[in-house]
Amino acid sequence: MEIDPFIFRFSIFILSIFIGYYVVWSVTPSLHTPLMSVTNAISSVIIVGAIIAALAGEAGNIFDTANIFGFLAIILAAVNIFGGFLVTQRMLAMYKKKKKDKK
Amino acid sequence: MISANLLAVFYLISGVLFILALRGLSSPETSRQGNLFGIIGMALAISVTIISVGNFSTGFLYLLILLLIGGSIGTYIAFKIPMTAMPELVAGFHSLVGLAAVFVAISAFLNPEVFNLGLPGNIKIASLIEMSLGAAIGAITFTGSIIAFLKLRGIMSGSPITFFGQHYLNLLLGIILISLIFYLCKTQVDTWFWTIILISFLLGILLIIPIGGADMPVVISMLNSYSGWAAAGIGFTLENTALIITGALVGSSGAILSYIMCKGMNRSFFNVILGGWGATDQSSTNKSKEQKPVKNGNADDAAFLMKNASSVIIVPGYGMAVAQAQHALREMVDALKKNGVKVTYAIHPVAGRMPGHMNVLLAEANVPYDEVFELEEINNDFANCDVAYVIGANDVTNPVAKTDPQSPIYGMPILDVEKSKSVLFVKRSLSPGYAGIDNDLFYRDNTLMLFADAKKMTEDIIKSL
């Protein structure tokens, strides 16, 4: 008997939830806001689905309704990816330790 | 071209890089490197996808243009947004992920061959369930986040909107949603698919409107979680490991944050989600106390007290964010330090409008993060501190949470501000906080009320120092 590939994906899913659980508990509370913005940015990896949806199909017929929805999703995800990672970077750059030599 | 197996390995690598991105956040030192891992993971996932599709004709050109447009908008927002507006920014970004998930699901539904899901009208049942779940959760995330955004931005009132039978209506819609997914699988009729999306849009709105402004930390975390589950749903449809891993990570991350926020208020998740707190049970507790005397102070008194203290603990809250007082606060602390006063900051888990909100604002004002402490770390220090400077916080300092079992906030962990020798309470008026209950602290002998805008009062204190 063969195992349905769905089961493998489902296993990955369940194990990832556990990884997420332990990794997120170890995030220091002072970085909870950057955590939200970075999880937001990485969930935009949904853009891979959007790219496939937008570019697939015959080369001549790129403006099928299905393609257009793909293109729209690309813009939305792109805003999120750039916005999410950069705003996280901006926030993290502000977290500084106490300077020994105070001016 | 690239083989399907190799592609899957690359997606796995970007999934691992995303895990490392979150892992980095365990300390501020490693966090920047973690963010870099995240960026690399994303770049990898996007590049291998483009190569695997292998379509470098006109479509590719459009793709680049759209990436550029979306990227510029995102970059512009990321650099322009003030730190005080971070909660609404995150809510806004969640709505985009939700909508993107809906669009990808629609695209997969209309053109399933592209994703090897079968033919239109004859899509594999499992895929149909996955894509309709992804679309439904994405749609709820979209409209829910928009409502959260409007409330946080102040465009919509932060007070809960409730009406008779609200929860039953939501329950009914939820049941309809599940039945529709069932019918969709049975009949493959596309009308059901569109109806599922429409009902989910409606449900997203209805779920968030009864939740009040100060419960927003829970709402944002919850929507964060939803956006993850939506991504995972789409990941199953597209059989994409990177999406499944990421969706699970984000989903559990949001869920944990919601849990931490609920615990910070000693309320159950359902209690928050069902909403309407403060609207119903405020009347009984605070009527009798109206006319108690309070001690009213000015900036000079406050400056005198703090200058002669040996240790001061600052307790910031949402009011500090509203007044944009973080920079003035830092200057005041610098002035105090010059006088040899030891100053630390105490942050309640639910201070502000999103998890970690106060920490970001203080970091923005160049407060070193090792002077900022969480509730459990610092709560014992109040007993030994001379002055507690409460700026824009209220309910999280209310001793009633420990003493009055009748109070709606009874059992909520609070900062033990009342144990310090004197308390300076910066507030615009004596009005109760979000929970709608009077703060006992106002009337204590060791409390000095400073009635003013948080920023203005702090600036006045700097002048007097």
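Here, the structure is the one placed above.
In this report, we go over the structure that sits alongside the text. (Residues numbered from 1 in each chain as written. Chains lettered and ligands numbered in written order. Predicted model: local features only at pLDDT ≥ 70, side-chain atom pairs only at ≥ 80, totals over all residues. Heavy atoms only, no water.)

Looking only at helices and strands, chain B features 18 helices and 8 strands. Taking 465 residues into account, the globule formula puts the C-alpha radius of gyration at 23 Å, and chain B, at 25 Å, falls close to it. The C-alpha extent of chain B, read off along each of the three principal axes, is 75 × 50 × 30 Å. Sequence-distant contacts in chain B: of pairs separated by 6 or more residues, those separated by 24 or more amount to 76%. Only carbon and sulfur atoms are counted for the fraction: they give 63% of the accessible area of chain B, which is about 18100 Å². (Helix = DSSP H or I, 4+ residues; strand = E, 2+ residues; numbered from the N terminus. Rg over C-alpha atoms; globule rule 2.2 N^0.38 Å. Contact = heavy atoms within 4.5 Å. Areas by Shrake-Rupley, 256 points an atom, 1.4 Å probe, with all protein chains shown as cover.)

Here the focus is the interface of chain A and chain B. Tallying the contact residues gives 79 residues for chain A and 103 residues for chain B. Carbon and sulfur atoms make up 78% of the surface buried where chain A meets chain B, a total of about 8400 Å² over both sides. One salt bridge in this structure joins Arg9 of chain A and Glu239 of chain B, with 3.4 Å as the shortest N-O distance. Scanning the region where chain A abuts chain B turns up 16 residue pairs in polar contact (both at pLDDT 80 or more). Mapped onto the side of chain A that touches chain B, the elements with two or more residues apiece are α1 (5–25), α2 (32–43), α3 (47–55) and α4 (65–94) of chain A. When residues of the side of chain A that touches chain B are assigned to their parent elements, the largest contribution, 27 residues, is made by α4 of chain A. For the side of chain A that touches chain B, the residue count by class is 52 nonpolar, 20 polar and 7 charged. (Buried area = accessible area lost by both parts, 1.4 Å probe. Salt bridge = Lys/Arg side-chain N within 4 Å of Asp/Glu carboxyl O. Polar contact = N/O pair within 3.5 Å; in protein donor to acceptor, adjacent residues only side chain to side chain. Nonpolar A, V, L, I, M, F, W, Y, C, P; charged D, E, K, R; others polar.)

One pass over the structure, following the stated rule, counts 18 aromatic pairs over all chains. Here the aromatic rings of Tyr183 of chain B and Trp192 of chain B are separated by 6.2 Å at their centres, their planes lie at 35°, and the arrangement is tilted. Among the residues examined, Tyr183 of chain B registers a relative accessible area of 41% and is labelled partly exposed. On the basis of an interplanar angle of 65° and a centroid distance of 6.1 Å, the ring pair of Phe442 of chain B and Tyr443 of chain B is categorised as edge-to-face. For the pair Phe442 of chain B and Tyr443 of chain B, one class covers both residues: buried. The structure contains a cluster of three or more aromatic residues connected by ring pairs, namely Phe6, Phe10 and Phe13 of chain A together with Trp229 and Phe236 of chain B. The ring of Tyr318 of chain B has Arg353 of chain B sitting right over it, with the charged end atom 3.6 Å from the ring centre. (Phe/Tyr/Trp six-rings, centres within 6.5 Å; stacked < 30°, edge-to-face > 60°. Buried < 20%, exposed > 50% of the residue type's maximum accessible area, 1.4 Å probe, protein only. Lys NZ or Arg CZ within 6 Å of the ring centre and 35° of its normal.)

Before going further, it helps to examine the packing of α4 of chain A against helix α2 (residues 28–53) of chain B. It is the contact of α4 of chain A with α2 of chain B, at a shortest axis distance of 9 Å, that shows an interaxial angle of 165°. Here α4 of chain A lies roughly antiparallel to α2 of chain B, going by the angle between them. For the pair α4 of chain A and α2 of chain B, the crossing hand works out as left-handed. Across the interface between the two elements, Ile81, Phe85, Thr88, Gln89, Leu92 and Ala93 of chain A of α4 of chain A pack against Ser31, Arg32, Asn35, Gly38, Ile39, Met42 and Ile46 of chain B of α2 of chain B. For the contact of α4 of chain A with α2 of chain B, the residue count by class is 7 nonpolar, 5 polar and 1 charged. (Axes fitted to C-alpha atoms, helices over the stretch in contact; angles between N-to-C directions. Parallel < 35°, antiparallel > 145°, perpendicular 65-115°, else oblique. Left-handed = near helix turned anticlockwise from the far one by under 90°.)

Residue and element names in this part refer to chain B. For the structure on display, the rule yields 12 salt bridges over all chains. Across the pair Asp215 and Arg267 runs a salt bridge, and its minimum N-O distance is 3.1 Å. Placement of Asp215 in the loop between α7 (190–208) and α8 (216–238) and of Arg267 in the loop between α9 (241–264) and α10 (269–274) is noted, with a sequence separation of 52 residues between them. A salt bridge links Asp416 to Lys402; the nearest nitrogen and oxygen atoms lie 2.7 Å apart. Placement of Asp416 in the loop between α17 (400–403) and β7 (422–427) and of Lys402 in helix α17 is noted, with a sequence separation of 14 residues between them. Assessed through its relative accessible area of 9%, Asp416 is described here as buried. Salt bridges here are not isolated pairs; linked through shared partners, they connect Lys402, Asp416, Glu418 and Lys419.

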